[in-house]
Amino acid sequence: MWLQILFLLFLSEIGSSIRKNDCPDELMRDEYLAVFENKCYYFYTNLRRDHDTAEEICETNGGKLVTIESKLKNEFIWRQLKFSYYFRGYVWIGLDDKKKEGDYTWEDGSDMTFSNFESKAGPNTPFYDISNHYQDCVLLHVNNGEWRDVRCGDAFMEIERDAFVCEYPPKSTKTIPQPPAIRDDCPFLIPRDKYLTVFGNKCYYFHLNAKLDFHMAQKYCKGHGGNLASVKTPEVQSYIWKTLGSTLHAKDNIWIGLSDEKVEGKFVWRDGSPVIFQRFEQNIGLGIMDYFNDCAALDSQSGKWHEFQCKDFKYFVCEFSSTPRIIKTTTTTSPDSSFTIPSVSSTAIAKTSQSTSGNTTDKTSPSASSKLA
């Protein structure tokens, strides 16, 4: 085993002048981040996604599904998966023949100069095997490091979901001027860190450092001028889900501001608005336990919503209105000198959109929508 580890360390240092700190800042600095031949690699062994979604996750942080141009690199990817992460199964790589059957190219448009397909897969598929015409995306088998082509996924067949490996260039050492951060438009009390994001005219704080029950989470959000997040459109749903999964790498169910505590089966958002859009898992509300599960959480892996007991402890997402801070400046004259001392009093969190700090509707609210199955 020690020989395997030493070999991996040797491989990771070959021809590489970069370290993990040179990788894009958005990538987590953990054991799943590795460097090889002046590139950064993140091994998503704990996520199972279809090919196109895996591709999108890689592209989110400026990367792509891994390109394997040599036997040495294939050896590195394979051994990293098998001996560093003890992974078993398949991972997506960035190779396909979507544009022209049998003409395999990498995601960046480069031709396939190195091949490690199984004996009866890809270009090696027998001419009489017509299934190959529908198998356009490529997986690496961690058992032996060989490749096989499979369906990318379509509406009529079961979609293939597997782990994947992303490849990233090192971050530029050149300082690029950035425009003023829009985060200055968020309420003053919210921490300015990677968990604060802006989408549309809303600020979102992804509280992934401590778990609270539903009501304490709402109290925390309201105390900072907002509410638990209201997911009212497909765009907001997609944004929150992708931020949790691909940017923050969350793996848990996350409280959102939805419940049917007042009237069983009638869900309302914490800001009092009715439910028009929903992403509940199928068969929600059909079990006896649903009478005790009144608060909704979003699964950061699947994006589906589930009901839980409100007393359960979970991470959560707060939502705030994005409103410019109001700064009042007064002038104080020093009695012992002729100069003036400016003093600033911030009303940053005063008037932080009262619309986001409203109470929930009461039990007979006419705005509560029917329970959605």
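For the structure given in this document, a descriptive report is provided here. Since the structure is predicted, the reported quantities are computational estimates derived from the model, not experimental observations. (Residues numbered from 1 in each chain as written. Predicted model: local features only at pLDDT ≥ 70, side-chain atom pairs only at ≥ 80, totals over all residues. Heavy atoms only, no water.)

The next thing to look at is the state of the cysteines. This structure, assessed with the given rule, holds 6 disulfides. Residue C137 pairs covalently with C152 via a disulfide, S to S 1.8 Å. Taking the torsion about the S-S bond as the criterion, the C137 to C152 disulfide, at about 95°, is right-handed. Residue C137 is found in strand β6 (residues 137-141), and its partner C152 is found in the loop between β7 (147-150) and β8 (162-168); the two are separated by 15 residues along the sequence. Each of the two residues, C137 as well as C152, counts as buried. Each disulfide pairs two cysteine sulfurs, and for C295 the partner residue is C310, the sulfurs being separated by 1.9 Å. Residues C295 and C310 share a disulfide whose torsion about the S-S bond is about 90°; that sign makes it right-handed. Linking C295 in strand β14 (residues 295-299) with C310 in the loop between β15 (305-308) and β16 (314-321), this pair joins segments that are 15 residues apart in sequence. Residue class for C310 comes out buried when judged on its relative accessible area of 9%. Counting only the cysteines that take part in disulfides, in the order they occur along the protein, gives the pairing 1-2, 3-6, 4-5, 7-8, 9-12, 10-11. (Disulfide = S-S within 2.5 Å. Helix = DSSP H or I, 4+ residues; strand = E, 2+ residues; numbered from the N terminus. Buried < 20%, exposed > 50% of the residue type's maximum accessible area, 1.4 Å probe, protein only.)

Here we come to the packing of aromatic side chains. Applying the stated criterion to the full structure yields 22 aromatic pairs. Pairing Y42 with Y44 gives two aromatic rings, centres 4.7 Å apart and planes at 55°, and the pair type is tilted. Judged by its relative accessible area of 5%, Y42 falls in the buried class. Centroid distance W78 to F83: 6.3 Å. Interplanar angle 65°. Geometry classified as edge-to-face. For W78, a relative accessible area of 14% translates into the label buried. Just above the ring of Y315 sits the side chain of K211; from NZ or CZ to the centre is 5.1 Å. The residue whose ring lies beneath K314 is F308, and the NZ or CZ to ring-centre distance is 3.8 Å. (Phe/Tyr/Trp six-rings, centres within 6.5 Å; stacked < 30°, edge-to-face > 60°. Lys NZ or Arg CZ within 6 Å of the ring centre and 35° of its normal.)

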